[in-house]
Amino acid sequence: MSDAIHPEPNKTAEATPPPPTDAERAELRRHGILLTSMEELYTWGNSNSVWPLNFGLACCAIEMIAASMAKFDIARFGSEVFRPSPRQADLLIVSGTVTKKMAPQIIRLWNQMPEPKYCIAMGACAISGGPFKQGFNVLKGIDRYLPVDIYIPGCPPRPEALLHGLVQLQKKIKGFKLTGPEAPRHLREDIKCDFPVPEFGEHDLEPPNNPEVWRVPTINPSDKG
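Residues numbered from 1 in each chain as written. Predicted model: local features only at pLDDT ≥ 70, side-chain atom pairs only at ≥ 80, totals over all residues. Heavy atoms only, no water.

Peer 1: Explain helix H4 (residues 103–112) here, please?
Peer 2: Residues that lie three or four places apart on an α-helix share one face, since the helix turns once every 3.6 residues. All buried positions along H4 are accounted for by Ala103, Pro104, Ile106, Ile107, Leu109 and Trp110. Here the buried face of H4 lies against strand E1 (91–95), strand E2 (118–122), strand E4 (199–200) and strand E5 (205–206). (Buried < 20%, exposed > 50% of the residue type's maximum accessible area, 1.4 Å probe, protein only. Helix = DSSP H or I, 4+ residues; strand = E, 2+ residues; numbered from the N terminus. Contact = heavy atoms within 4.5 Å.)

Peer 1: How should the pattern of salt bridges be read in this particular structure?
Peer 2: Two side chains that carry opposite charge are able to pair once their charged atoms sit near each other. Counted by the stated rule, this structure contains six salt bridges. A salt bridge links Arg30 to Glu27, with the nearest nitrogen and oxygen atoms 2.8 Å apart. With Arg30 and Glu27 both in helix H1 (residues 22–30) and three residues apart, the pair spans about one turn of that helix. Taking the shortest distance from any N to any O, the salt bridge between Lys100 and Asp204 comes out at 3.1 Å. One end of the pair, Lys100, is in the loop between E1 and H4; the other, Asp204, is in the loop between E4 and E5, and 104 residues separate them in sequence. Residue classification places Lys100 among the buried residues on the basis of a relative accessible area of 17%. (Salt bridge = Lys/Arg side-chain N within 4 Å of Asp/Glu carboxyl O.)

Peer 1: How do you make sense of the layout of surface pockets when you look at a structure like this?
Peer 2: Over the atoms rolls a probe the size of a water molecule, and its path tells where empty space is left. Estimates place the volume of the largest pocket at around 240 Å³. Contributing to the lining of the largest pocket are Arg25, Arg29, Leu34, Leu35, Thr36, Glu40, Leu41, Thr43, Trp44 and Lys174. Elements that contribute at least two residues to the lining of the largest pocket include exactly H1 and helix H2 (38–47). Take the lining of the largest pocket: its biggest share by element is four residues, from H2. Of the residues assigned to the lining of the largest pocket, the class counts are four nonpolar, two polar and four charged. Volume-wise, the second largest pocket comes out at about 200 Å³. Residue lining of the second largest pocket: 18 residues in total, with Pro147, Asp149, Pro184, Arg185 and Ile191 positioned closest to the centre. Grouping the amino acids of the lining of the second largest pocket by side-chain chemistry returns nine nonpolar, one polar and eight charged. (1 Å grid on protein atoms, 1.4 Å probe; cavity = no way out; pocket = protein on both sides within 12 Å on 5 of 7 lines; lining within 4 Å. Points joined across faces, edges and corners; volume = space filled by probe spheres on them. Nonpolar A, V, L, I, M, F, W, Y, C, P; charged D, E, K, R; others polar.)

These figures come from the coordinates and say nothing about function on their own.
Laid out in structure tokens, this is it:
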């Protein structure tokens, strides 16, 4: 009788070890060992070198200028390089009242900025028109045409508020993924990075808003108290 060939028993696959915790990484860093990934390295470098465009609109721009002075020192966050050209900047700080005459120029500046780029709406005027929102010549929020990443309320907000908004933007950038729905705009094919520049119509800007980034809020009557 021939010897029976018995297959070897299945070996249990070794379980993949869990990723190191933050405490373990901190302990390794203390010993001169740095653990990272390409994704973390990319978002770390991007978040700590956000260069604003040297551009301002109204009184909020004075607070933005103050944030770059020695008392507040925006250089601590890697954003002291205010670039005079939109092609060398990646942060548009809309600081002040956006009139309908100025809105097309802001959209042109945004379209000339390379990706990745971000937008901060600084102050009540840039967010919603502020105390001038009833004026026929004032845009009721720059988010009608541009995707705003950070809103900074106030009239005007102090330099500390701008620095806080910058820190929140850095946290947002560090949370990006290089793939999937959490990827930034420039890494996703389903989101446009350039937007149409509005033109002066007979009674208003045409189009009055960019439907890709802003829609008229709807109110459900059942939600009313």
